[in-house]
Amino acid sequence: MEVHEAIISRRSVRRFLSTPVPMASLRRIIEGAGMAPSGNNIQPWKLYVVGGATKDAITTDILDAIANGNPKDYAPEYPYYPTKWFEPFKTRRRETGFGLYSKMGIAHDDMAARLAQMNRNYEFFDAPVGLFVGFHRDLATGTFMDVGMFIENLLIGARGEGLHTCGQAAFTWYHKIVRRHLPMPDDELLQLAASGKLLD
């Protein structure tokens with residue numbers, strides 16, 4: 001796929017087929033992502049790829065924590081969103097949320113259905129592959145920009161392979177659980193997760 005087409009056709013997809021992602025495609029996506037620029041070429045990102053039993057175990061443990069745990073025990077290690085929304089970002093956020101639920105036939109006041117859809121994040125929206133991106137917590141603010149460019153390369157690279165993805169900050173709330181299933185040391189921050197699959 002031509003680069004510009006890959007960029008403008010990228011979407012956050014929230015309903016995937018279970019069709020396996022070819023290993024050759026996955027390798028090309030990761031190799032391309034690793035060419036992202038970074039300050040002083042430190043390449044701070046760390047990528048964890050999950051599928052099968054590991055992915056399923058992450059899903060099971062997070063959904064169990066949501067159903068039976070204390071919400072106060074789970075929070076991101078850094079603020080992804082502002083604590084107080086203001087314009088024009090408040091309107092953009094609300095329009096996106098309302099539009100998403102409307103397309104799914106979920107009423108604004110149907111909190112049970114909204115929660116069920118939110119929890120679909122932790123099922124990777126049925127995608128066969130999940131990607132977790134982290135970096136060393138002692139690095140500086142600029143690292144978020146470096147790792148962001150790496151993540152963008154992952155998403156665009158996947159689109160170039162005929163795949164769709166969804167970046168998911170939702171997993172950062174449950175980083176303690178994710179760590180149980182990945183060789184992620186305590187000195188790393190979990191920045192984002194992404195799900196992906198074949199388009200058709």
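Structural data are supplied above this passage.
This one's a predicted model, so the numbers in the text were calculated from it and none came from an experiment. (Residues numbered from 1 in each chain as written. Predicted model: local features only at pLDDT ≥ 70, side-chain atom pairs only at ≥ 80, totals over all residues. Heavy atoms only, no water.)

A. Quick peek at unusual backbone geometry. Each neighbour pair has its own omega, and for Glu 87 with Pro 88 the value is 5 degrees, a cis peptide bond. Structurally, Pro 88 can be placed in the loop between α3 (52–68) and α4 (89–103). Although it is not a glycine, Asn 41 sits at a positive phi angle of roughly 55 degrees. By the secondary structure assignment, Asn 41 is in the loop between α2 (23–33) and β1 (46–50). According to the relative accessible area criterion, Asn 41 is exposed, its value standing at 51%. (Helix = DSSP H or I, 4+ residues; strand = E, 2+ residues; numbered from the N terminus. Buried < 20%, exposed > 50% of the residue type's maximum accessible area, 1.4 Å probe, protein only.)

B. Spotlight on the packing of aromatic side chains. Scanning all chains against the criterion turns up twelve aromatic pairs. Ring geometry for Tyr 122 against Tyr 174: centres 5.3 Å apart, planes inclined by 80 degrees, an arrangement best described as edge-to-face. A residue pair is termed long-range when its members are at least 10 positions apart, and Tyr 122 in the loop between α5 (111–119) and β2 (129–136) and Tyr 174 in the loop between β3 (163–168) and α7 (175–181) qualify at 52 residues. We classify Tyr 122 as buried; its relative accessible area is 3%. A relative accessible area of 12% places Tyr 174 in the buried class. Taking 6.0 Å as the distance between ring centres and 90 degrees as the angle between the ring planes, the aromatic pair formed by Phe 124 and Phe 132 counts as edge-to-face. For the pair Phe 124 and Phe 132, a shared accessibility class is recorded, and that class is buried. Each residue in the set Tyr 74, Tyr 122, Phe 124, Phe 132, Phe 171 and Tyr 174 is aromatic and connected to the rest through ring pairs, giving one cluster. (Phe/Tyr/Trp six-rings, centres within 6.5 Å; stacked < 30°, edge-to-face > 60°.)

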